[in-house]
4 protein chains.
Amino acid sequence: MIKVGIIGSTGYAGAELVRLLMNHRDAEIVWYGSRSYVDQQYADIYGNFFELVDEKCLADDLDALAEKADVIFTATPQGFCASKVTEGLLGKVKVIDLSADYRIRDAARYEEWYGIHHPTPEFLEEAVYGLPELKRDAVASARLVANPGCFPTCSLLAVIPAMKSGLIDKQSVIIDAKSGVTGAGRGAKVQNLYCEVNETVKAYGVTTHRHTPEIEDYLGEAAGEAVTVQFTPHLVPMNRGILVTAYASLTADTDEETIRKFYEEAYADEPFVRLLPPGRVPETRWVRGSNYADVNIKADRRTGRLIMMGAIDNIGKGAAGQAVQNMNIMFGLDEREGLMTVPLSV
Amino acid sequence: MIKVGIIGSTGYAGAELVRLLMNHRDAEIVWYGSRSYVDQQYADIYGNFFELVDEKCLADDLDALAEKADVIFTATPQGFCASKVTEGLLGKVKVIDLSADYRIRDAARYEEWYGIHHPTPEFLEEAVYGLPELKRDAVASARLVANPGCFPTCSLLAVIPAMKSGLIDKQSVIIDAKSGVTGAGRGAKVQNLYCEVNETVKAYGVTTHRHTPEIEDYLGEAAGEAVTVQFTPHLVPMNRGILVTAYASLTADTDEETIRKFYEEAYADEPFVRLLPPGRVPETRWVRGSNYADVNIKADRRTGRLIMMGAIDNIGKGAAGQAVQNMNIMFGLDEREGLMTVPLSV
Amino acid sequence: MIKVGIIGSTGYAGAELVRLLMNHRDAEIVWYGSRSYVDQQYADIYGNFFELVDEKCLADDLDALAEKADVIFTATPQGFCASKVTEGLLGKVKVIDLSADYRIRDAARYEEWYGIHHPTPEFLEEAVYGLPELKRDAVASARLVANPGCFPTCSLLAVIPAMKSGLIDKQSVIIDAKSGVTGAGRGAKVQNLYCEVNETVKAYGVTTHRHTPEIEDYLGEAAGEAVTVQFTPHLVPMNRGILVTAYASLTADTDEETIRKFYEEAYADEPFVRLLPPGRVPETRWVRGSNYADVNIKADRRTGRLIMMGAIDNIGKGAAGQAVQNMNIMFGLDEREGLMTVPLSV
Amino acid sequence: MIKVGIIGSTGYAGAELVRLLMNHRDAEIVWYGSRSYVDQQYADIYGNFFELVDEKCLADDLDALAEKADVIFTATPQGFCASKVTEGLLGKVKVIDLSADYRIRDAARYEEWYGIHHPTPEFLEEAVYGLPELKRDAVASARLVANPGCFPTCSLLAVIPAMKSGLIDKQSVIIDAKSGVTGAGRGAKVQNLYCEVNETVKAYGVTTHRHTPEIEDYLGEAAGEAVTVQFTPHLVPMNRGILVTAYASLTADTDEETIRKFYEEAYADEPFVRLLPPGRVPETRWVRGSNYADVNIKADRRTGRLIMMGAIDNIGKGAAGQAVQNMNIMFGLDEREGLMTVPLSV
């Protein structure tokens, strides 16, 4: 039984970790960390766990936790995990960081986009980017996993096979993404109040969103060259879900079936990526509450472009689900353990 | 492995049955029945099942199905199941009817409230009302279970312990209920279009809703006398959930703690009824996607009334979840099998 | 041209006052008061006013404002207005208070339910309860109007004609109300975040909601005796709207048509109360953005009860709309000025 | 007083026409046309009009109506209007067609994208494309106005000034649009049921949406050459609103301020286009219920692209509001008459 500690268990991604791990046969939560709710019953904050979790929240204390746990999930603001990781900590416990601290390879680039100092860049090289579809083997032997961002997860899964195909202009990728409101976190801000978000849609972080360099890093890796990506997220009035609609210019007079083969090959053995049949569009409802990513493409010969589409649950495959998937890989378990519940479509 | 057939598998309750049974270790679906989608891939209708269900819809043919299945769920309009049940059928297969056909003991009363003829009243006496908290033993040996309505399930669980306590005026019960829109079904009607339901709330079926006699029958059973109940449902813009707020006059100068003891006793060993701590109100989000019923009471000495509150997922404990619970009981399984997933609160 | 100052113009009721007064031919806003946004452009907070309002927010300073305005609306938390009203102020300017400070006749009762000290009870007798359908003449000559609460407005309009009819048991009234989320205000609280409110419904303030004594005061006035009322509000995932479903026991073997006559008489000349045809239920969407209150009744001879229903826009007739209606009456204008826009149903 | 007939008054755009015209000082509705609700009270279908409209629905009979009206709005399915227009009709009455029948200049292109025969292509040359910001003078003297589609309206207003600037690659325009559900109409279809649309987002009509040629026609007109546009609409769970996020490659090392001047010039005198300050993003809530189009741009020197954004109410400026604006122009009225209500942001 893997002993798990969760730092930041009272945010939305933290609560999803708890929900998923409750259904996991080989894991046991030993620490419900929280900054704001220490000493309160966890089930008083999330009533769905009433009679299911009878634990109180503990402080976000990684050192104490390292003595008790086999793995720590940090579902905390940017900068927190990076300020705590030491060789001593990693000697005792594996760390899966749901923040951005170790996702971007270049500390200077991290500091530029996030506007904060990186205190422990010496671990950047060791940290493994936890997108199993890209880095499964490296994850298996990692001590420190940088769990990908929600937008990058959906974007990379939708675009990488096309990027690797050599059939699109590598510098032409535009990603227009739509996110549910859990992505904005559980902080008490006026802009996230029900009446400020309901019945409206807007773009945000236009040209400056911090997931951009992360997407560029790993699309670039697939491209074999540095790429520049246009990324624009939007906020949609729903709790969960990310939808990505990405555009790229075709470089040859190719057709959809040819490109589709690269997707089929990439995802044939992937348990959580579902390549939809031709003509079907991904919808976020079909993956809600699950670890699935639904992907499809449409070639438009009229315009000479390829449209790449993906849908995930932003706190599932986009955060907690993927983190559990990484844990399974790191501990040699069946990758699907605890993650095979059917999406709750309605 | 129990072989299960679902008649009406493409409605919302039917799809929830499929979702729940996919997570059930001892059941296997052998028939996806449908009236409207025969020969279509089930996963084309509900995309969440893509790559999980690779079956086509079959006709709603109970006789053919009786040869293949151990149990049939009928998630069909009123009158359908009653028109199909025969001694021959029940000799071959168990039936769990999610419609109202066998819920009301008196065929005349059924016909009056539902406005349709009851073709097989001879099975009314045999049929067991499948509210396990009331009828567990009878369910265990039943061939034909009348799965309760969503509003009755929530209302009965919220009110019955008080009714049995003798501390409320038995004729004073008023039930004001609020339902999500899945309760209206998946039929193509203008009144259930997104823009007709979103951003508004209304009562419906005022004084005439067909769940009234069902509530009265079983509240009356608890009361030891016939009772008349005022029942008013409302439509709320959300997918899932029923909230019941019920009112009754206290008959004595009692207090909340005294009445609470009756609830504690009634639900101490119930796996799916959660009596909340004093002062906490049920919310539908805390039970979403689950088979739980959250219940609480508040006594108001100022007004001399008791307020009884309950929350369920209308297609969970209010339909498909309860149906699976009944199946588990009928087949001697752990009652909780397939139903222990944590509610999806966000 | 009436010069208007709004204290608390950046809350939801304040913003609705601005919206309505922009369409008012005889009023001009001279002061956009705010506690949190002083010196910021009003249209930066509410983008709908971009290019329509080119003013900055000013402090919530009543004394300064009294020199410039003919009437002040206070859309502020409980206790604020009562701490500012003086004989000197009322000598200079009319005050329409949208808070509860002067709604309850008895200061001790106010202090008990609201839990705060009333600093100026000496104005309670002078203050007029601004429900025009009850107090039109008194409003016309008032210096200080206590604008009714949203729940009381809807409840009183739905119940009073029945109460006056003598055909219901005066002590039997139960009011089950459902409110949109603007009613919770624009404060940055976790409980009002989108993901905490969306896709769920709950009761709140059960037996203790502060609108209870206000409802009792004016239902009691109609009854000719003190009445005790059971009042339970619920939070519904929508921006605007209040729906009231009220229950009372019939005292005689009467019928709906008889009681309906009392409603017809009460509302025959009321410009903003619409008595619906028999059998039609009020819905909040039909009054959204307007000052209308839709009302209807249904008698249930089977149970011996009367069901009284009402729908308003909680920040329209339940707050800002009614405040403008009161202003119109106080200044001798057509009561409907600025309020005759058609409800925005979709 | 202009006498107005509305064909298709019971759809969402039709009902918005009724709402707007009720607030119009110089117009009077003489015909509430409907296909499905003939002889029913209009206010029985749209309860917001209760006590405001006391008319019954009449048949969609243009010939009869032409005798009574000065102008006819056709808010009907594609092909209907084109099948009715004759020289005789246009000799008696002006026609503002809210369908696509006369929007696309080339009948063959219309037939290709819409898949239906165009019965009266002889009126295509006379018909004026009713986007006042482009065609105000032609609208003023038109007998037949083709009211623009919702997506084209928002797209053209967001992109045309950039296209005219010569600073973007004319063939590089990608338009990613998001629409509320009223855009799907009021037909009883399963796919538009509340539970099918709520809590999800999807693309639709990918590469094939019928508004594409309309956008291309008028962007091409602005470009001075034929252009090919990538257009992808998405369905968002909200009633009203369209948001456009459009992308184009910059052709020179220019900056945002330079391009902004073209927008400032284009919209300086436009009553309904609001160019937002630098850095502010359009949101659909700020234009809800109004005829405004909010527009902004952001240049991204890092990627060498321009992002153009627009927000409208799809049944306001995207349909009924624009139709009324066109009527005002055609009849020599103040273009803003009936359209100056403040957006209902919450």
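The structure this text deals with has already been given above.
First, a word on what this report is: a plain description of the structure on this page. These figures come from a predicted structure and were not determined experimentally. Throughout this document, residue positions are counted from 1 along each chain, in the order its sequence is written. Chains carry letters and ligands carry numbers; both start at the beginning, A for chains and 1 for ligands, and go up in the order they are written. Residues qualify for local features only when their pLDDT is at least 70, as the model is predicted, and side-chain atom pairs are given and counted only at 80 or more; totals for whole chains, interfaces and linings, by contrast, use all residues. Side-chain figures throughout are based on the complete set of non-hydrogen atoms in the structure, without hydrogens or water.

### Overview of the packing of helix α7 (residues 150-165) of chain C against helix α9 (residues 212-223) of chain C
Angle between the axes and distance between the axes: these two values describe a pair of packed helices.
Residues and elements named next belong to chain C.
Then comes step 1: Note on geometry: axes are C-alpha line fits, over the in-contact stretch for helices, and angles between N-to-C directions span 0 to 180 degrees. Under the DSSP-based scheme used, a helix requires at least four consecutive residues in state H or I and a strand at least two consecutive residues in state E, with every element numbered from the N terminus. Running from N to C, α7 and α9 point in directions that differ by 20°, and their axes come no closer than 9 Å. Comparing the axis directions of α7 and α9 gives the class roughly parallel. The two elements α7 and α9 cross, and the hand of that crossing is right-handed. Contacts between α7 and α9 involve Pro152, Ser155, Leu156, Val159, Ile160, Met163 and Lys164 from the former and Glu214, Ile215, Tyr218, Leu219, Ala222 and Ala223 from the latter.
Then comes step 2: Three residue categories are used. Nonpolar comprises Ala, Val, Leu, Ile, Met, Phe, Trp, Tyr, Cys and Pro, charged comprises Asp, Glu, Lys and Arg, and polar comprises the others, including Gly. For the contact of α7 with α9, the per-class residue count stands at ten nonpolar, one polar and two charged. Angle categories: roughly parallel below 35 degrees, roughly antiparallel above 145, roughly perpendicular from 65 to 115, and oblique for all the rest. The crossing is said to be left-handed when, going from far helix to near helix, the turn is anticlockwise and less than a right angle, and right-handed when the turn is clockwise. It only takes one pair of heavy atoms within 4.5 Å for two residues to be counted as in contact.

### A word on the interface of chain B and chain A
Then comes step 1: Contacts between chain B and chain A engage 38 residues on the former and 38 residues on the latter.
Then comes step 2: Surface buried jointly by chain B and chain A totals about 3000 Å² across both partners, of which 60% is contributed by carbon and sulfur atoms.
Then comes step 3: Its largest share of buried area at the contact with chain A, chain B owes to Val342, Leu344 and Val346 of chain B, together 23% of the area lost on that side.
Then comes step 4: Salt bridge criterion: a side-chain nitrogen from Lys or Arg within 4 Å of a carboxyl oxygen from Asp or Glu. Connecting chain B to chain A are two salt bridges.
Then comes step 5: Taking the shortest distance from any N to any O, the salt bridge between Asp44 of chain B and Arg280 of chain A comes out at 2.8 Å.
Then comes step 6: As used in this structure description, the phrase polar contact means that two N or O atoms lie within 3.5 Å; if the pair is within protein, one of them must be able to donate a hydrogen and the other to accept it, and residues adjacent in sequence are counted only when both atoms belong to side chains. Put simply, chain B and chain A have twelve residue pairs in polar contact (both at pLDDT 80 or more) between them. The buried area of a pairing is the accessible area, by a 1.4 Å probe, that goes missing from both parts when the two are put together, added over both.

### Things to note about the relation of the copies chain D and chain A
Then comes step 1: Superposition of chain D onto chain A requires a rotation of 180° combined with a translation of 0.0 Å along the rotation axis, giving an RMSD of 0.0 Å. Taken together, the rotation and translation describe the operation of a two-fold axis.
Then comes step 2: Comparing interface residues between copies, 100% of those in chain D also lie at the interface in chain A; the contact surface is shared. Alignment of copies: least-squares fit on C-alpha atoms of residues with pLDDT of at least 70 in both copies.

### Observations concerning the pattern of salt bridges
Once the charged atoms of two side chains with opposite charge are near each other, the side chains can pair.
Then comes step 1: In total, this model carries 104 salt bridges over all chains according to the counting rule given.
Then comes step 2: As a salt-bridge pair, Glu67 of chain A and Lys92 of chain A come within 2.7 Å of each other at their nearest N and O atoms. You can see Glu67 of chain A sitting in the loop between α3 (62-66) and β3 (71-74) and its partner Lys92 of chain A sitting in helix α4 (residues 87-92), a full 25 residues away along the chain.
Then comes step 3: Take Glu67 of chain A: its relative accessible area is 55%, and that puts it in the exposed class.
Then comes step 4: For the salt bridge of Arg240 of chain D with Asp313 of chain D, the shortest nitrogen-to-oxygen distance reads 2.8 Å. Within this pair, whereas Arg240 of chain D is found in the loop between β9 (230-235) and β10 (242-249), its partner Asp313 of chain D is found in the loop between β13 (305-312) and α11 (316-330), the two being separated by 73 residues in sequence.
Then comes step 5: Think of it in three bands: with a 1.4 Å probe and only protein chains considered, a residue is buried below 20% of the maximum accessible area for its type, exposed above 50%, and partly exposed in between. Classification of Arg240 of chain D by relative accessible area gives buried; the value is 3%.

### Remarks on the sheet that holds strand β4 (residues 94-97) of chain B
Residues and elements named next belong to chain B.
Then comes step 1: For two strands to be treated as a pair, DSSP must find no fewer than two bridges joining them. One open sheet accounts for six strands, arranged β2-β1-β3-β4-β6-β5; its pairing is parallel. Strands at the two margins of the open sheet, each flanked by one partner only, are β2 (27-32) and β5 (128-129).
Then comes step 2: Sheet topology note: the β4/strand β6 (residues 144-146) ladder contains three bridges and is parallel. Paired with Val95 across the bridge in β6 is Leu144.
Then comes step 3: Packed onto the sheet, helix α1 (residues 12-22) meets β1 (2-7), β2 and β3 (71-74) and runs at close to 160° relative to β1.
Then comes step 4: Contacts between helix α12 (residues 316-330) and the sheet are confined to β1, β2, β3, β4 and β6, with β4 contributing the most and set at about 155° to the helix.

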